[in-house]
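Observations on the model geometry
Chain by chain, the residues:
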Amino acid sequence: MSLRIHKPYILYDDGDHKFVWLGLDESEAEKGILANQYMVVDSGHGLLIDPGGYYVFQRVLENVSEFIDPARVDALFFSHQDPDVIGSLNILLDVFPDATIYISELWVRFIPHLGALDIKRIKPIPDQGMDIVLGKTTLKAIPAHFLHSPGNFHLYDPASKILFTGDLGAAVFPPNTWYLFVEDFDSHAKLMEGFHRRYLPCRRPLDKWLETIRGLDIRMIVPQHGAIMEEDKAEKFLKWLEGLGEIGVEHMEK
Ligand SMILES: [Fe+2]
Ligand SMILES: [Fe+2]
């Protein structure tokens, strides 16, 4: 599939409800690891998922504006506290003046270090997760603790059946390689393995997460890095995680 990759790409659209990938910059502007940002729009209200660091902010804002007035962004969802997830927070608070911040309760007291002092706008997500209402849809913040952050959440959208998995599913592309959708899962798995062995702490939280999401009807898995896994690729990804064997500290001790 060829894409103008700096442009957004609509992953789901039923008229009132959209799930949008917010593009990627073709230039040198995106420093650090390439990251995906996403937006859910429902009945004219927007929620941004892991809107990212300083260098991607301009492109994210431009692409959000193609769909809704930034003043209609009600919510910013942060899977965890890493700079590639939340680094642009102090700018986001100015540009999306009515947005509530959703982040694990573990990270709330760290937020002032980003220059964001308006604590009233923060809704801490408790360890067990919570519902987030956007327009007519109730999104689910799903616990994914220790994958890789100790206070970590994924987001499930029941309207599109899309599961955002943060850093789980991350792939690191070699130079001059990039694609938005996984086509050959086995070759893509090689790009995911290094991250999952080293950045995840151990098997137990991964097995617990696999149990947690077992009941969900998942059509697409969208990670914060790497490529999107649809239908059979999403199933293969879950099977791949199940069979990954020792990871993190167990892997390092070998
Ligand atoms: Fe991270
Ligand atoms: Fe990340």
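Each remark here, short or long, concerns the structure printed above.
These notes cover the structure that comes with them. Chains are numbered independently. Their residues run from 1 in the order of the written sequence. The lettering of chains begins at A and the numbering of ligands begins at 1, in the order of writing. In keeping with the model being predicted, local features are shown solely for residues with a pLDDT of at least 70 and side-chain atom pairs are shown and tallied solely at 80 or more, while totals for entire chains, interfaces and linings include all residues. Neither water nor hydrogens contribute to the side-chain values; these are computed over all heavy atoms in the structure.

Quick look at unusual backbone geometry now. For the bond running from Leu147 to His148, omega is 5°, close enough to zero to count as cis. Assignment of secondary structure puts His148 in the loop between β9 (137–143) and β10 (153–157). The backbone of Asp50 shows a phi angle near 45°, a positive value even though the residue is not glycine. Numbering of helices and strands starts at the N terminus; helices are DSSP runs of H or I of at least 4 residues and strands are runs of E of at least 2. Along the chain, Asp50 falls in the loop between β4 (45–49) and α1 (57–65). Backbone geometry at Phe146 places phi at a positive 70°, although glycine is not the residue there. Residue position: Phe146 is located in the loop between β9 and β10. When accessible area is computed with a 1.4 Å probe and restricted to protein chains, residues below 20% of their type maximum are described as buried, those above 50% as exposed, and intermediate ones as partly exposed. The exposure class assigned to Phe146 is partly exposed, which follows from its relative accessible area of 43%.

Another point: the coordination of the iron ion (ligand 1). Taken together, the protein donors to the iron ion (ligand 1) comprise His80 (NE2), Asp82 (OD), His148 (NE2) and Asp167 (OD), at separations of 2.0 to 2.2 Å. A donor here means an N, O or S atom no more than 2.8 Å from the metal, or no more than 3.2 Å when the metal is Na, K or Ca. Since water is not included, a site may seem to lack partners. Every angle between 85 and 135 degrees makes a four-donor site tetrahedral, while opposite donors more than 155 degrees apart, with all other angles between 65 and 115, make a four-donor site square planar and a six-donor site octahedral; other sites are irregular. Viewed at the metal, the 4 donor atoms of the iron ion (ligand 1) are separated by angles of 87 to 175°, and the geometry they form is irregular. Mapping the donors of the iron ion (ligand 1) onto the primary sequence gives the spacing H-x1-D-x65-H-x18-D. Between the iron ion (ligand 1) and the iron ion (ligand 2), the interatomic distance is 3.6 Å, and Asp167 donates to each metal, bridging them. Note that Asp82 is positioned in the loop between β5 (73–77) and α2 (83–86) and Asp167 in the loop between β11 (162–164) and α4 (185–198), a separation of 85 residues in sequence.

With that out of the way, let us pick up the sheet that holds strand β12 (residues 220–222). Sheets are built from strands that pair by backbone hydrogen bonding, the pairs being arranged parallel or antiparallel. Read across the open sheet, the 6 strands follow the order β8-β9-β10-β11-β12-β13; overall the sheet is mixed. Two strands in the sheet have a free side with no partner beyond their single neighbour: β8 (130–134) and β13 (229–230). Across 5 bridges, the pairing between β8 and β9 is antiparallel. Along β9, the bridge assignment pairs Asp131 with Lys140. Note on contacts: a residue pair qualifies if any of its non-hydrogen atoms lie within 4.5 Å across the two residues. In this analysis, axes come from line fits to C-alpha atoms, helices being fitted only over the stretch in contact, and the angle between any two N-to-C directions falls in the range 0 to 180 degrees. In the packing of helix α5 (residues 203–213) onto the sheet, contacts are made with β9, β10 and β11, and the angle to β9 comes to roughly 155°. Should DSSP find at least two bridges between two strands, the strands are regarded as paired.

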